[in-house]
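Single-letter residue listing:
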Amino acid sequence: MHPAPSVILFSTLSGAGFGLLFFLGIGAPDVIGWVAFVFYVIAYMLAVGGLFSAFFHLKNKRNAWKAYREWRTSWLSREMWAAVAALLVMALYAALQVFAGLRVAPVGWLGAALSLLTVFTTSMIYAQLRAVPRWNQPATPATYIVAALAGGALLAGQVTPALWLLALLAATVCFHWWSGDCRLAHSGTTAETATRLNGRVTLWERPHTGDNYLTREMVFRIARKHVVKLRVIALTLMSVLPIAVLLIGGPHHIPAALAVLSHLIGVGVQRWLFFAEAEHVVGLYYGAHQRRDA
Amino acid sequence: MTALPPEPKVKLGLVIDLDTCVGCHACVIACKGWNTQGTNAPLSDQDPYGDASGTFLNRIHSFQVTPERPGGAAGLPQTVHFPKSCLHCDDAPCVTVCPTGASFKRAEDGIVLVNENDCMGCGLCAWACPYGAREVDEAAGIMKKCTLCVDRIHDETRPEEERQPACVRTCPAGARHFGDVADPDSAVSRLVAERGGVDLMPEQGTRPVNKYLPPRVKDTLQGADIAGEEDVLAPFLAPVTEEPGGFLGWLDRALDRL
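Keep in mind that this is a model prediction, so the values were computed, not measured. (Residues numbered from 1 in each chain as written. Chains lettered and ligands numbered in written order. Predicted model: local features only at pLDDT ≥ 70, side-chain atom pairs only at ≥ 80, totals over all residues. Heavy atoms only, no water.)

Draft legend 1. Just the overall build of chain B, in detail. A tally of helices and strands in chain B yields seven helices and nine strands. Going through the 258 residues of chain B one by one, you find that 50% of them count as buried. In chain B, once contacts between residues fewer than 6 apart in sequence are set aside, the share between residues at least 24 apart is 60%. (Helix = DSSP H or I, 4+ residues; strand = E, 2+ residues; numbered from the N terminus. Buried < 20%, exposed > 50% of the residue type's maximum accessible area, 1.4 Å probe, protein only. Contact = heavy atoms within 4.5 Å.)

The following block contains the structure:
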């Protein structure tokens, strides 16, 4: 799949933003007044900034508001509802916390649950697609939720949970890579089932001499030879380096900022790979993902 | 509504004969022509006289098939031309993922359509389709797909023989057939039964309406055994460079050095 920068930016930033909102919602850290205000500004900038970046991915933006309609069947529509609900509930909770110094815990819990639900709905947009076997597995929502929680814990300054969650994130992402690598083979979809032709099938000629929307969007093949290196880079920046910085630097602002920066870049690389590595079965009609011996 | 309708009583669709198709692309041109000059917005091309990168609702792929003969020996490779457009699936994954309700499947005849006034161009339906039947029109910013020429087939002002999709009407080889696949007595259903018509990617669970008739077994010629090197000159024909340039080239080299 084509790794569109707007979508990678969206899922990285808004994931961390909703993760921070989750921790603020459960009262960790328990802050009021200006300190709370700064936390909420960071959380909303990340969450809303991410959503805004996804908006720019749309090709017909004036119909975007109609996405509220089909929540019964569409995960994208559910994501919109969950995001709006989470942001509104947390705004109420934040306003009471910042301006009245009040922590109304049940509102916070509801906001925290909605924030996690938003991340889950985002992940289900990918996980529901049978046509992209690498995404079509339970490890996809797990990766998104653990990444949001780890980023949220880091941003919320919860050092001990952050350490555990970063380690868990590394494990979850490794599992997603490992199981993802054989998902296409396990899906049973091959050039032979795509064409139902009897024998060994290879592409002889594409429909047109140029690229088209499908090949640009879904038959993306670049830097697969660098996959192992990029995975190591993602793992190091996303989990290993932040854990090391937190253990050495302790709960201070500068090490924490470094850890957050490294983590977000690492998650960005992981999300880039999430798209770049994903094989859409339509590629089989364009000569991609062929067996080595074919 | 993007919920799928109850099983339609009438399932209009295409039956494509891979034995007869000669790969002339007439259906591709007829489709592009009808859908560009008709009542809808045109199917745009960004560079019509340069690279063929525009929107098409019907494309012909060509495959080489090496049949496996009984006994394990491979037969001679054959060319199969493979027209592909929307299969108007019963369990259309492209419909249920649509957040705006622009995508829908008609209860009366099973045709899958896009309401262009509601589409926001998110592209999720194109991701959901395993067959690559949907393409965003880069000029209009909305999703386009085969309509089964819904503006021809139900048009009472046309003569009877014209009430067929443009691709079917134009096919000079008679490789495309249009009709009600749900009616076991229709001409297309009889053809499917007689020739062993199949669904594409049945394991994807989409239950396509369109069927493909596999090529007939033509001959039993065996390929000659080729021993040794394919060609003594082959090593000299290696590409001069496969390295990307620019920023990507730099990134490529930097990652290589790691």
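On we go.
Draft legend 2. Local environment of the environment of Gly15(A). Residues and elements named next belong to chain A. With respect to the helices and strands, the residue Gly15 is situated in helix α1 (residues 5-25). Sequence separation between Gly15 and Thr118 is 103 residues; the distance between their C-alpha atoms is 8.8 Å. Residue contacts for Gly15: discarding those within four places in its chain leaves Phe10 and Ala148.

Draft legend 3. Representation of the sheet that holds strand β3 (residues 78-85) of chain B within the structure. Spatially, three strands are ordered β1(A)-β2(B)-β3(B) in an open sheet, and the strand pairing comes out antiparallel. A strand with exactly one partner marks an edge of an open sheet, and here the two such strands are β1 (200-205) of chain A together with β3 of chain B. Averaged over neighbouring strand pairs, the angle between their axes works out to 40° when direction is ignored. When β1(A) meets strand β2 (residues 58-66) of chain B, the two strands line up antiparallel, connected through five bridges. Counterpart to Glu205(A) in the pairing with β2(B) is Ser62(B). (Pairing = 2+ DSSP bridges. Axes fitted to C-alpha atoms, helices over the stretch in contact; angles between N-to-C directions.)

Draft legend 4. Quick look at the pairing of β2(B). All names here are of chain B. A large share of β2 lies buried, amounting to eight of its nine residues. Bridging between β2 and β3 involves eight bridges; their strand directions are antiparallel. Each residue of the ladder has a partner; that of Ser62, found in β3, is His81.

Draft legend 5. Fine view of the pairing of strand β1 (residues 12-17) of chain B. All names here are of chain B. The buried fraction of β1 is high, at six of six residues. Alternating residues of β1 divide into Leu12, Leu14 and Ile16 and Gly13, Val15 and Asp17, and every residue in both groups is buried. Summarising the sheet, β1 and strand β8 (residues 176-180) pair through five bridges and their orientation is antiparallel. Directly across from Gly13, in β8, lies its bridge partner Gly179.

Draft legend 6. The arrangement of the side chain of His61(B) in detail. The topology assignment puts His61(B) in strand β2. Within the local environment of His61(B), its side chain forms a polar contact with the backbone oxygen of Tyr285(A), the two atoms lying 2.7 Å apart. (Polar contact = N/O pair within 3.5 Å; in protein donor to acceptor, adjacent residues only side chain to side chain.)

Draft legend 7. Expanded view of the nonpolar core. Residues Tyr40(A), Trp135(A), Phe275(A), Tyr285(A) and Trp127(B) are the most contacted members of the largest nonpolar core, which totals 141 residues. If you tally residues by element for this core, the top one is helix α3 (residues 75-99) of chain A, at ten residues. In this structure Tyr40(A) touches Leu21(A), Leu24(A), Met90(A), Tyr93(A), Ala94(A), Gln97(A) and Val98(A), once residues within four positions along its chain are discounted. The next biggest cluster of nonpolar side chains, apart from the first, holds six residues, and it includes Val181(B), Val188(B), Val209(B) and Leu213(B). (Core = buried A, V, L, I, M, F, W, Y, C linked by side-chain atoms within 4.5 Å.)

Draft legend 8. Representation of the interface of chain A and chain B. Contacts between the two partners involve 64 residues from chain A and, on the opposite side, 68 residues from chain B. Here chain A and chain B share an interface that buries about 5,500 Å² over both sides, 59% of which is from carbon and sulfur atoms. When residues of chain A are sorted by the area they lose upon contact with chain B, Arg196(A), Tyr213(A) and Tyr285(A) head the list and together hold 12% of the total. Along the contact surface separating chain A from chain B lie three salt bridges. Between Arg216(A) and Glu138(B) there is a salt bridge whose closest N-O contact spans 3.5 Å. Listed by contribution, the elements that provide at least two residues to the side of chain A that touches chain B are α3, α4 (105-127), α8 (191-195), β1, α9 (213-218) and α10 (227-249) of chain A. Sort the elements by how many residues they give to the side of chain A that touches chain B and β1(A) lands first, with six residues. Grouping the constituent residues of the side of chain A that touches chain B by class yields 28 nonpolar, 21 polar and 15 charged. (Buried area = accessible area lost by both parts, 1.4 Å probe. Salt bridge = Lys/Arg side-chain N within 4 Å of Asp/Glu carboxyl O. Nonpolar A, V, L, I, M, F, W, Y, C, P; charged D, E, K, R; others polar.)

Draft legend 9. Molecular detail of α10(A). A rise of 1.5 Å per residue sets the reference length of α10(A), with its 23 residues, at 33 Å; its end C-alpha atoms lie 31 Å apart and thus fit the reference within 8%. Its axis deflected by about 45° at Thr236(A), α10(A) carries its strongest bend there. What α10(A) keeps buried is the set Val227(A), Leu230(A), Arg231(A), Ala234(A), Met238(A), Ser239(A), Pro242(A) and Leu246(A). Those residues of α10(A) hidden inside the fold are in contact with α5 (139-155), α6 (159-180) and α11 (253-276) of chain A together with α7 (246-257) of chain B. Phi for Gly250(A), located one or two positions after α10(A), is positive at around 70°. (Expected span 1.5 Å × (residues − 1). Bend = angle between axes of the 7 residues up to and from the residue.)

Draft legend 10. Highlighting the UniProt feature "transmembrane region" (unreviewed entry) in chain A. Residue and element names in this part refer to chain A. Taking the UniProt record as the reference, the feature "transmembrane region" (unreviewed entry) is found at residues 7-26, 32-58, 79-100, 106-127, 139-156, 162-178, 228-248 and 254-274. In this annotation, residues 139-156 is assigned 94% helix and 0% strand; the end-to-end C-alpha distance for the span is 25 Å. Spanning residues 254-274, this segment combines 100% helix with 0% strand, and its end C-alpha atoms are found 30 Å apart. (UniProt positions renumbered as here; feature names shortened; annotations may be inferred.)

Draft legend 11. The arrangement of the sheet that holds β8(B) in detail. All names here are of chain B. Pairing in this open sheet of three strands is mixed, and the strands run β8-β1-β9 from one edge to the other. Every other strand in the sheet has two partners, leaving β8 and β9 (211-213) as the edge strands with one partner each. Strand after strand, the sheet turns through a mean of 25° between neighbouring axes, direction not considered. Summarising the sheet, β1 and β9 pair through three bridges and their orientation is parallel. When the bridges of β9 are listed, Asp17 appears paired with Leu213. Strands β1, β8 and β9 of the sheet are contacted by helix α6 (residues 187-195), whose axis makes an angle of about 120° with β8.

Draft legend 12. Fine view of unusual backbone geometry. With an omega dihedral of 10°, the bond running from Ala28(A) to Pro29(A) counts as a cis peptide bond. For Leu148(B), which is not glycine, the phi torsion reads 55° and is therefore positive. Relative to the assigned elements, Leu148(B) resides in the loop between β7 (142-144) and α4 (150-153). Leu148(B) sits in the buried class, given a relative accessible area of 1%.

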